[in-house]
Amino acid sequence: MSQQVRGVVAKGKGLPVSVETIVIPDPGPGEAVVKVQACGVCHTDLHYREGGINDEFPFLLGHEAAGIVESVGAGVTGVAPGDFVVLNWRAVCGTCRSCRKGKPQFCFATFNATQKMTLLDGTPLSPALGIGAFADKTLVAAGQCTPVNPAASPAVAGLLGCGVMAGIGAAMLTGNVQRGDTVAVFGCGGVGNAAIAGAVLAGASTIVAVDLDDRKLAWAKDFGATHTVNASTQDAVEGVRSHTGGFGADVCIEAVGNPKVLEQCFFARDLAGTVVQVGVPTPQMRMPDIAMIDFFGRGGALKPSWYGDCLPSRDFPMLVDLHLQGRLPLDKFVSEIIALDAVEEAFHKMERGEVLRSVVVL
Ligand SMILES: NC(=O)c1ccc[n+]([C@@H]2O[C@H](COP(=O)([O-])OP(=O)(O)OC[C@H]3O[C@@H](n4cnc5c(N)ncnc54)[C@H](O)[C@@H]3O)[C@@H](O)[C@H]2O)c1
Ligand SMILES: [Zn+2]
Ligand SMILES: [Zn+2]
């Protein structure tokens, strides 16, 4: 028997989102229905709403979520009803060429639920990142459910499902920050501040936070930034260099999604340093116009980071445990708890820079 629940839907490019009745099918083979307890508002949801990801409207938004597995379909063995899970958008296949090389964190054939959730009139919904969790319940592939310690608060644990994991992983996994490294993080929203938290965990000695907004920079200090640069009043590259002995940082992390900021990261990096691109560009953006001799001559690496190169089954439980031990302040990302009908307003608060994460609690 399918169920009808509430869900936050983006019906068209730039249109305000609305709470609609949506239809959730029973889980088929390999699928699970999850009762959502909490779901954070990520900038990527806004990108979907603005048509910046693709045109497959209507979208069922929300993808940073934790909840309880309600039911599972045939053949599901990894999770069971009652499990407390964080939803992930990297359900690894185990058989693609990357998985077979022992690199499931880059799985090239991740999967989602096969069946569609729909509007009441049968219109199929495109769930954001294959999740769609601004809803009382959602249908996902069972592999998208990662069990974690149920002692964690859903509002906090759910954030690992996207932005916070992407940021921590951008520093620790893609950027491979080591003890004593210098790190610069450009853009200190939820993702950038998570990158700062990741750099702290990895033992970075200097962490320079760059943003246009002093409020964001104050939060960045709270997460462990040792220095801040306000790029609206100061040259970002010079600012980073001035805090890293004049050389630039070993690892520069772009957490905005802006070619100009990518260019700043490129030049704010020390020789043989690494640039990590974790901010999501729009399809129209072009790479910065950088002389090839600079690319060659500076050495190092330019690395895009999808989901912080995380492996949910390995990283979510570990990070939840570090949080419960008081070693990772995930709770600081939760700026406010909101109701399901307040997502549109939360987008505006995000645009105005008033929040790190608004979290819908159901
Ligand atoms: N790669 C991934 O897997 C992944 C996962 C989640 C989110 N993201 C992306 O990461 C980016 C950041 O997400 P968020 O949720 O933290 O967004 P956010 O809006 O909360 O934060 C963006 C921050 O960048 C700052 N900023 C804007 N322009 C800037 C500039 N020119 N220089 C310096 N700072 C600037 C803003 O003031 C803000 O603090 C988005 O593009 C989002 O889509 C990527
Ligand atoms: Zn795979
Ligand atoms: Zn996200």
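Residues numbered from 1 in each chain as written. Chains lettered and ligands numbered in written order. Predicted model: local features only at pLDDT ≥ 70, side-chain atom pairs only at ≥ 80, totals over all residues.

Student: Outline helix 11 (residues 343–351), supporting the account with residue identities and numerical values.
Tutor: For helix 11, the full list of buried residues reads Val343, Ala346, Phe347 and Met350. Around the axis of helix 11, the buried residues are gathered within 105° of arc, so they sit on the same side. For helix 11, exposure combined with an orientation more than 90 degrees from the buried face picks out His348 and Glu351. Those residues of helix 11 hidden inside the fold are in contact with strand 1 (3–10), helix 1 (43–49), strand 17 (334–338) and strand 18 (357–361). Following helix 11 by one or two positions, glycine 353 has its phi on the positive side, about 75°. (Buried ≥ 20, exposed ≤ 12 C-beta atoms within 10 Å, placed from the backbone. Helix = DSSP H or I, 4+ residues; strand = E, 2+ residues; numbered from the N terminus. Arc of directions from axis to C-beta. Contact = placed C-beta atoms within 7 Å.)

Student: So what's going on with the domain arrangement of the chain? Residues and values would help.
Tutor: When cut into domains, the chain gives domain 1 (3–161 + 329–361) and domain 2 (166–306). Domain 1 and domain 2 are separated by 28 Å when their C-alpha centres are compared. Tallying the contact residues gives eleven residues for domain 1 and twelve residues for domain 2. The element that contributes the greatest number of residues to the side of domain 1 that touches domain 2 is helix 1, accounting for three residues. Taken together, the residues that form the side of domain 1 that touches domain 2 break down as four nonpolar, five polar and two charged. (Domains from an automatic or database assignment. Nonpolar A, V, L, I, M, F, W, Y, C, P; charged D, E, K, R; others polar.)

Student: How would you explain the site of ligand 1 if you had to name every residue and give the values?
Tutor: What surrounds ligand 1 is a group of 33 residues, the closest being His43, Ala166, Gly187, Gly189 and Gly257. Looking at the shell around ligand 1, the elements that each hand over two or more residues are helix 1, helix 4 (163–174), helix 5 (190–202) and strand 12 (206–211). Counting residues domain by domain, the shell around ligand 1 receives three or more from each of domain 1 (3–161 + 329–361) and domain 2 (166–306). (Near = placed C-beta within 6 Å.)

Student: Quick one: what's the story with the nonpolar core, residue by residue and with numbers?
Tutor: Counting 121 residues, the largest nonpolar core has Val183, Val185, Phe186, Ala195, Ile196 and Ile253 as its most contacted members. Both domain 1 (3–161 + 329–361) and domain 2 (166–306) contribute no fewer than three residues apiece to this core. Each residue touching isoleucine 253, except ones within four places of it in the same chain, is listed here: Ala170, Ala171, Gly175, Val183, Val185, Phe186, Ala195, Val276 and Val278. (Core = buried A, V, L, I, M, F, W, Y, C linked by C-beta atoms within 7 Å.)

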